[in-house]
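Letter by letter, the chains look like this.
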Amino acid sequence: MKILVQRVLQSSVHINNSKVASIHRGILCLIGFEKHDNTEDCFELMKKVINYRIFPDDQRKMNLNLIDIEGELLIVPQVTLAIETNKGNRPSFSKAADPEKGEKLFEELKFFLDESFENYQSGIFGEDMNIEIVNEGPVTFLFKN
């Protein structure tokens, strides 16, 4: 699993010109699932993202996490994070989870968030989405298991 984390002032997901999700200050997570991923590892990585101190304190030091700032979370499935780009001029999806597994892991991740971090919204697996991002900083991290 790879999660591209962006600290945002706002972010939204649009499908067919309709807004399906929107957050204010918080974290946008673009998530790519790989063949070897399992539910427990996905949950652990998401816990790390939520607790990672990427927001500034009063001294402008990255010392606060998403919970500390009462921020919002937006998760968006993005299979292209799981591709390989080191050979040739075309992406290889050989390490990406098949669509059924990816969707199952994404749904399990949403269930986990329902139980542990309710202030989230999500994109929709398998849909073509347009993502609006106002990156704060800019601050971007890549998490992987």
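Below you will find a few notes about this structure. Values in this document were obtained by computation on a predicted structure and should not be read as measured data.

### Points about the packing of aromatic side chains
- Here the structure, examined in full by the defined rule, presents four aromatic pairs.
- With 6.3 Å between their ring centres and 40 degrees between their planes, Phe-106 and Phe-125 make a pair best called tilted. Of this pair, Phe-106 sits in helix α2 (residues 99-116) while Phe-125 sits in the loop between β7 (120-122) and β8 (130-144); the two residues are 19 residues apart in sequence, bridging distant segments of the chain.
- What makes Phe-106 buried here is its relative accessible area of 0%.
- Through pairs of rings, three or more aromatic residues link up here, namely Tyr-52, Phe-141 and Phe-143.

### Re the packing of helix α1 (residues 39-51) against α2
- Across the interface, α1 lies against α2 with an axial gap of 10 Å and an inter-helix angle of 50 degrees. In terms of orientation, α1 lies oblique with respect to α2. Relative to α2, α1 is oriented so that their crossing is right-handed. Residue-level inspection shows Thr-39, Cys-42, Phe-43, Met-46, Lys-47 and Ile-50 of α1 in contact with α2, the latter providing Leu-105, Glu-108, Leu-109, Phe-112 and Leu-113.
- The residue makeup of the contact of α1 with α2, split by class, is eight nonpolar, one polar and two charged.

What counts and how
Residues numbered from 1 in each chain as written. Predicted model: local features only at pLDDT ≥ 70, side-chain atom pairs only at ≥ 80, totals over all residues. Heavy atoms only, no water. Phe/Tyr/Trp six-rings, centres within 6.5 Å; stacked < 30°, edge-to-face > 60°. Helix = DSSP H or I, 4+ residues; strand = E, 2+ residues; numbered from the N terminus. Buried < 20%, exposed > 50% of the residue type's maximum accessible area, 1.4 Å probe, protein only. Axes fitted to C-alpha atoms, helices over the stretch in contact; angles between N-to-C directions. Parallel < 35°, antiparallel > 145°, perpendicular 65-115°, else oblique. Left-handed = near helix turned anticlockwise from the far one by under 90°. Contact = heavy atoms within 4.5 Å. Nonpolar A, V, L, I, M, F, W, Y, C, P; charged D, E, K, R; others polar.

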